[in-house]
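# Understanding the architecture of this molecule
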Amino acid sequence: MSRSVETGSVLSPVTADDVDLAVRLAVGILRDAPPEGWGGKAGSLEWDCWETVEHLADDLFYYAVQLGPQSPPLDTHVPFVLSQKRPDGPANFLFADRDAGPAGLVQVLEACGALLVAMVRTKPPRVRAHHGAGVSDPEGFAAMGVVETLVHMHDVAEGFGLAWTPPSALCSRVLARLFPEAPGGADPWLTLLWATGRVELPGHPRLTTWRWASTPRS
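Cut-off values and rules
Residues numbered from 1 in each chain as written. Predicted model: local features only at pLDDT ≥ 70, side-chain atom pairs only at ≥ 80, totals over all residues. Heavy atoms only, no water. 1 Å grid on protein atoms, 1.4 Å probe; cavity = no way out; pocket = protein on both sides within 12 Å on 5 of 7 lines; lining within 4 Å. Points joined across faces, edges and corners; volume = space filled by probe spheres on them. Helix = DSSP H or I, 4+ residues; strand = E, 2+ residues; numbered from the N terminus. Nonpolar A, V, L, I, M, F, W, Y, C, P; charged D, E, K, R; others polar. Core = buried A, V, L, I, M, F, W, Y, C linked by side-chain atoms within 4.5 Å. Buried < 20%, exposed > 50% of the residue type's maximum accessible area, 1.4 Å probe, protein only. Phe/Tyr/Trp six-rings, centres within 6.5 Å; stacked < 30°, edge-to-face > 60°. Lys NZ or Arg CZ within 6 Å of the ring centre and 35° of its normal. pLDDT = per-residue confidence, 0-100. Contact = heavy atoms within 4.5 Å. Axes fitted to C-alpha atoms, helices over the stretch in contact; angles between N-to-C directions. Parallel < 35°, antiparallel > 145°, perpendicular 65-115°, else oblique. Left-handed = near helix turned anticlockwise from the far one by under 90°. Salt bridge = Lys/Arg side-chain N within 4 Å of Asp/Glu carboxyl O.

### Some thoughts on the layout of surface pockets
- Considering only enclosed or pocket space, the largest pocket measures out at about 180 Å³ in volume.
- Taken together, P13, V14, T15, A16, V120, R121, K123, P125, D137, P138 and E139 form the lining of the largest pocket.
- Residue assignment for the lining of the largest pocket shows that the elements contributing at least two residues are α3 (101-122) and α4 (138-160).
- A per-class count over the lining of the largest pocket returns six nonpolar, one polar and four charged.

Written as structure tokens, this is what we have:
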């Protein structure tokens, strides 16, 4: 179990259901996105909205496949090939077919989210797999998938001019799991945006670099 950054109380662990919720909320917003906005910049990122959602799908796929082997590697990732479509674009293991349009991209996001949900739901808690921020467990990969979804949807929603405010309880759980040193007392969603370098908090300037703690909790 993790401790809340707000109160010190014990929170429920991050689960496959949390990943499912985050992805379902993201898909619901993206289905309402105007078709002409996909080439626009995603918030403060250098990527456009299409690239950012594609990167998010790739993140969820990446986290799922790390847990897939019977004996996951602990010193490097499962060796899919990384590539870029353009020099300043995201480096991904997979890309959506542009000819399928935004609806196809959203379907790719749904499918990759479902892979992570299934893997987190079926893998025993004792499983460990590689991540660059530290070897992690199924709960850790679930939490990372949720953070990627919530925060990159913030970027995309800014690009489209859409409202995006995920549930506070979900934000609190992933903060406790991945950012245990985050300051308490503020709104959990704003604190998560601060912890990932998107905003400043009162008394805490905007971060220029950040890193989560992916290693398992006791």
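### Considering the nonpolar core
- Grouped together as the largest cluster of nonpolar side chains are 65 residues, with contacts concentrated most on W38, L109, L150, F179 and L192.
- Within the residue set of this core, elements represented by two or more residues are α1 (16-30), α2 (49-66), α3, α4, α5 (168-178) and α6 (188-195).
- Top element by residues in this core is α4. It accounts for 12 residues.

### Focus: the packing of aromatic side chains
- Under the counting rule described, the total for this entry stands at 10 aromatic pairs.
- For the pair Y63 and F141, a centre-to-centre distance of 5.9 Å together with 50 degrees between the ring planes defines the contact as tilted. Note that Y63 is positioned in helix α2 and F141 in helix α4, a separation of 78 residues in sequence.
- Residue F141 is classed as buried on the basis of its relative accessible area of 0%.
- One aromatic cluster is present, built from ring pairs that chain together F61, Y62, Y63, F80, F93 and F141.
- Of note, K85 hangs over the ring of F95, and the distance from its end group to the ring centre comes to 4.8 Å.

### A closer look at the confidence of the model for the protein
- Scored by pLDDT, the protein has a mean of 94; 95% of the residues are at 70 or more.
- Confidence drops under pLDDT 50 across residues 1-8; counting only partners more than four residues distant or on other chains, this segment forms 31 contacts.

### Observations concerning the packing of α4 against α5
- Direction vectors running N to C along α4 and α5 enclose 125 degrees, while the axes themselves pass 10 Å from each other. By the angle class used here, α4 and α5 are oblique. Here α4 and α5 pass one another in a crossing that is left-handed. Two secondary-structure elements touch here, α4 through E139, G140, A143, M144, V146, V147 and L150 and α5 through L170, C171, V174, R177 and L178.
- Among the residues forming the contact of α4 with α5, the class breakdown is nine nonpolar, one polar and two charged.

### What about the environment of L115?
- Relative to the elements of secondary structure, L115 occurs in helix α3.
- Taking the C-alpha atoms as reference points, L115 and A64, separated by 51 residues in sequence, lie 6.0 Å from one another.
- Ignoring sequence-local partners within four residues, the contact set of L115 consists of F61 and A64.

### Comments concerning the pattern of salt bridges
- Enumeration according to the criterion identifies nine salt bridges in this entry.
- A salt bridge links R173 to D18, with the shortest nitrogen-to-oxygen separation between them at 2.7 Å. Of this pair, R173 sits in helix α5 while D18 sits in helix α1, placing them 155 residues apart in sequence.
- A residue is classified by how much of its surface remains accessible, and R173, at 19% relative accessible area, is buried.
- One salt bridge in this structure joins R177 and D137, with 2.8 Å as the shortest N-O distance. Of this pair, R177 sits in helix α5 while D137 sits in the loop between α3 and α4; the two residues are 40 residues apart in sequence, bridging distant segments of the chain. Residue R177 shares its accessibility class with D137, and that shared class is buried.

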